[in-house]
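So the chains spell out like this:
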Amino acid sequence: MSKSSLKLARKWIKQADAVLVTASNGFAISEGVNLFTDNQNFRQALGNMVTKYRLPNLLSAFSYDYPHDVERFRMYGRVAEFYNYSYHASPVMQKLQGLLAGKDYLVWTSNTEGHFKQAGLPVLEVEGSWLEGICQNGDHVDLKNILHEIYQKDQAGTLTVADVPLCDICGGTVKLNLAGPDFQINQTQVDAFQNFITRNQNRKLLVLELGIGAHNQLIKAPSMQLVAGNHNSRYITINKGELNIPANLAARAIGFDADLSLALEELLTGNDLGAKIIPPQEVKGTPHEDTKLIKQIYPSYTANTLLVVSSIKKRGAWYLKL
Ligand SMILES: [Zn+2]
């Protein structure tokens, strides 16, 4: 079964006019960025700050109430240096790039480490990026180079209050532009996303879901609505131990219950490496009823697209819910 399912999945990718990649924590973890664990990367990145502030993981390091902004930016600098400054596309990123080569595609992610952007993939970062700041008056501040300079001064022992960045435009204080009460989604990215969805609304769109948990409502739910609203669309999901394929989409879905890197390797090469694959399922009863129900909720594809975009805008103001 797996071999024929793999063949079919590769055919779907080949036939697709466009690919919308949706990615969340699972993808970041496969690249060595784990927000939730005390691991070697975390300790190497933050160094003595781990014990000094008793930080259990990266997520806590971002939300910790440091005694001064210097310490906060010291932490940002160390994180950016370790995870971004010397970043080269990881093996899993390279496989994804290989799979998307020559396609019209866009990545829709809640990951905040900025790797898709660094690897040169067009992306909508719905929860922001830790390489970007926002000032108290809402101006955007690019922190990539600033954080590198902060890191260098941190290492040299010369980091002082004077190095805490202020907004170029208004002189206001700066914090990271991540999901939270002051978060402002990158409008250029939203426009590009909207254009992508609009130009592909009548074409064969493939949604390729990478490492998104079954209960993720930020991307999973609206992307499922997209697939439901476009009968030319297909859906491939990769998630080890946490596949969640909605019944109304099962006839147009293939699930890989497998490690991301392994599944992408199979999709790229066609070699069966042992991934457990769930083929498309015939919908029992009257699939027509499902279609009718979807149409009642989302009367047209355009309305559906607007719903997805407005859902992103709304969620932009949300706290990071984990
Ligand atoms: Zn400002």
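Residues numbered from 1 in each chain as written. Predicted model: local features only at pLDDT ≥ 70, side-chain atom pairs only at ≥ 80, totals over all residues. Heavy atoms only, no water.

Caption draft 1: Representation of the packing of helix H1 (residues 2-15) against helix H12 (residues 260-269). At a minimum axis separation of 9 Å, H1 and H12 run at an interaxial angle of 70°. On the basis of the axis angle, H1 is roughly perpendicular to H12. When H1 is examined against H12, the residues Leu6, Ala9, Arg10 and Ile13 are found in contact with a partner set consisting of Glu266, Leu267, Leu268 and Thr269. Taken together, the residues that form the contact of H1 with H12 break down as five nonpolar, one polar and two charged. (Axes fitted to C-alpha atoms, helices over the stretch in contact; angles between N-to-C directions. Helix = DSSP H or I, 4+ residues; strand = E, 2+ residues; numbered from the N terminus. Parallel < 35°, antiparallel > 145°, perpendicular 65-115°, else oblique. Contact = heavy atoms within 4.5 Å. Nonpolar A, V, L, I, M, F, W, Y, C, P; charged D, E, K, R; others polar.)

Caption draft 2: Highlighting the pattern of salt bridges. Inspection of every chain in the model, using the stated rule, returns 14 salt bridges. The salt bridge involving arginine 43 is made with aspartate 38; its shortest N-O contact spans 2.7 Å. By relative accessible area, which is 42% here, arginine 43 ends up partly exposed. A residue is classified by how much of its surface remains accessible, and aspartate 38, at 35% relative accessible area, is partly exposed. One salt bridge in this structure joins lysine 220 and glutamate 209, with 3.0 Å as the shortest N-O distance. Separated by 11 residues along the polypeptide, lysine 220 in helix H11 (residues 220-229) and glutamate 209 in strand E7 (residues 205-210) bring together distant segments of the chain. According to the relative accessible area criterion, lysine 220 is buried, its value standing at 4%. (Salt bridge = Lys/Arg side-chain N within 4 Å of Asp/Glu carboxyl O. Buried < 20%, exposed > 50% of the residue type's maximum accessible area, 1.4 Å probe, protein only.)

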